[in-house]
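# Report on the structure
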Amino acid sequence: MENENKFVENEVTQANADEIITEEEGSETEKNEIKVEASGMTAEGIGTGGHEYPSHENEYEGKTPKDVKRGEFKEWMKSIIIAAFLAVIIMQLIVPTVVREHSMEPSFYGGDYIIVSKISYKIADPKRGDVIIFKSDIPINNEDPSGNKKILIKRVIGLPGDIINIQDNEVNVNGKVLNEPYINDGGTPGYVKDYTVPKGEYFVMGDNRTVSIDSRRSEVGPVDRNRIVGKAIVRLYPFNSIEIIK
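In short, a report on the structure. Quick caveat: nothing in here was measured; it's all calculated off a predicted structure.

### Overview of the overall build of the chain
- In terms of regular secondary structure, the chain is built from three helices and 12 strands.
- When the 246 residues of the chain are sorted by exposure, 27% land in the buried category.
- The contacts of the chain with a sequence gap of at least 6 include a subset with a gap of at least 24, amounting to 58%.

The following block contains the structure:
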C-alpha cells in the first residue's frame, strides 16, 4: 500500500508539475499577445494590416478524384514543356563537350568536360589564343572515309592575313616569335615558310605540338570560320580543375 501511495503521490506531483508548465506557457503566450497588440497588430494579421492570407486547404473542394488527377497531370505537362523549351534554348547557346585524346595537353586532358559557347563568334571574331572546337574532314573511322567526321579542339594561332613561319621549334607570326607558355615540352616541330592565312580562315594548333594533327598538316589545314562550332569558355570537370578558359 505504501508503494501504491507513493506511486499516486508521484503522479499527483507530476500532474502538478505539468499544470505549472502549462500555466507558465500560457502566461508567455499572453505576454506575446500583449506585445503584439501593443504594436497595433493582431496575432492573425502580423505584417498584413490585419488581413489573413487566403487558405488553399479547400482548393480541390467539390472536385472529383478524376478532376484532381487531371489538374495534377496538366501541371506536370506544363512543367515538362517549359523544361524542354528551356533546354532547347540553352542548347542553341552552348554545347557540352568531352575532350578526347592528348593533343591539347597540358591545357586539357582526355576526359575533361568543357562548355562551348556557340554564340561567341556570332557577335565577335575569333582571337589569337582562343580555344575552339571545329568540324574537320578527318573520318572517325578510317575504314569508312565517307562516314562521320571528327570534331577537333585546337588553339587559334594565326588570323586571316597573318604570315606564319615555323622553324627550330618556334612559331613566328608576322615577324614576331610567339610567347606560348601553354604548350607541352618539345616546342613546335615542323617547318612552315611564309604561309599567309587565307581570308575567312584560321591557322590552329594543339598545345601538345609533338602529337597534334592540326593546320601544319594537310588533313586539317587552315580552318574555315563556317566550320567553327564555338569557343571553349568553361571547364567543369574534373572538379578540382574547374575554371573559366581564357
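### Side note on a nonpolar patch on the surface
- Judged by side-chain polarity, I82, F85, L86, I89, I90, L93 and I119 come together as a nonpolar surface patch covering roughly 620 Å² of accessible area.
- Following the sequence through the fold, L93 ends up in helix α2 (residues 65-93).

### Some details on the sheet that holds strand β5 (residues 163-167)
- An order of β7-β6-β5-β8 is seen for the four strands of this open sheet, with the pairing classed as antiparallel. What marks the edges here is a single partner per strand, and that holds for β7 (176-177) and β8 (192-196).
- Sheet topology note: the β5/β8 ladder contains three bridges and is antiparallel. Paired with I163 across the two strands is T196, which belongs to β8.

### Focus: the nonpolar core
- Judged by nonpolar contacts, Y121, I132, F134, I138, L152, V156, Y202, V204, V220, V223 and I228 together constitute the single largest core of 11 residues.
- Breaking this core down by element, the ones donating at least two residues are β3 (131-139), β4 (149-158) and β9 (201-205).
- For L152, the contacting residues outside a window of four places in its chain are I132, I133, F134, S136, I138, I213 and V220.
- Ranked by size, the runner-up nonpolar core spans 10 residues in total, among them M104, F108, V116 and A232.

### Focus: the environment of G187
- Tracing the sequence through the fold places G187 in the loop between β7 and β8.
- Along the sequence, G187 and E170 sit 17 residues apart, while their C-alpha atoms lie 6.7 Å from each other.
- Aside from chain neighbours lying at most four places away, what touches G187 is N169 and R209.

### A short note on the pattern of salt bridges
- Counted under the stated rule, the structure contains 13 salt bridges.
- Here D194 ties to K193 by a salt bridge, and the two come within 4.0 Å at their closest N and O atoms.
- Look at D194 and you get partly exposed, because its relative accessible area is 46%.
- R216 is the partner of D214 in a salt bridge, and the nearest nitrogen-oxygen pair spans 2.8 Å.

### Some thoughts on the packing of aromatic side chains
- By the definition in use, this model includes two aromatic pairs.
- Aromatic side chains Y195 and F203 sit 5.9 Å apart centroid to centroid with 50° between the ring planes, which places their arrangement in the tilted category.
- Residue Y195 is classed as partly exposed on the basis of its relative accessible area of 26%.
- A centroid spacing of 5.2 Å and a plane angle of 90° characterise the contact between Y237 and F239, whose relative ring orientation is edge-to-face.
- A relative accessible area of 41% places Y237 in the partly exposed class.
- Looking at F239, the relative accessible area reads 63%, which means it is exposed.
- Between the NZ or CZ atom of R155 and the centre of the ring of Y182, over which it lies, the distance is 3.9 Å.

Conventions used here
Residues numbered from 1 in each chain as written. Predicted model: local features only at pLDDT ≥ 70, side-chain atom pairs only at ≥ 80, totals over all residues. Heavy atoms only, no water. Helix = DSSP H or I, 4+ residues; strand = E, 2+ residues; numbered from the N terminus. Buried < 20%, exposed > 50% of the residue type's maximum accessible area, 1.4 Å probe, protein only. Contact = heavy atoms within 4.5 Å. Patch = residues over 30% accessible without salt bridge, like charges linked within 9 Å, V, L, I, M, F, W, Y side chains within 5 Å. Areas by Shrake-Rupley, 256 points an atom, 1.4 Å probe, with all protein chains shown as cover. Salt bridge = Lys/Arg side-chain N within 4 Å of Asp/Glu carboxyl O. Pairing = 2+ DSSP bridges. Core = buried A, V, L, I, M, F, W, Y, C linked by side-chain atoms within 4.5 Å. Phe/Tyr/Trp six-rings, centres within 6.5 Å; stacked < 30°, edge-to-face > 60°. Lys NZ or Arg CZ within 6 Å of the ring centre and 35° of its normal.

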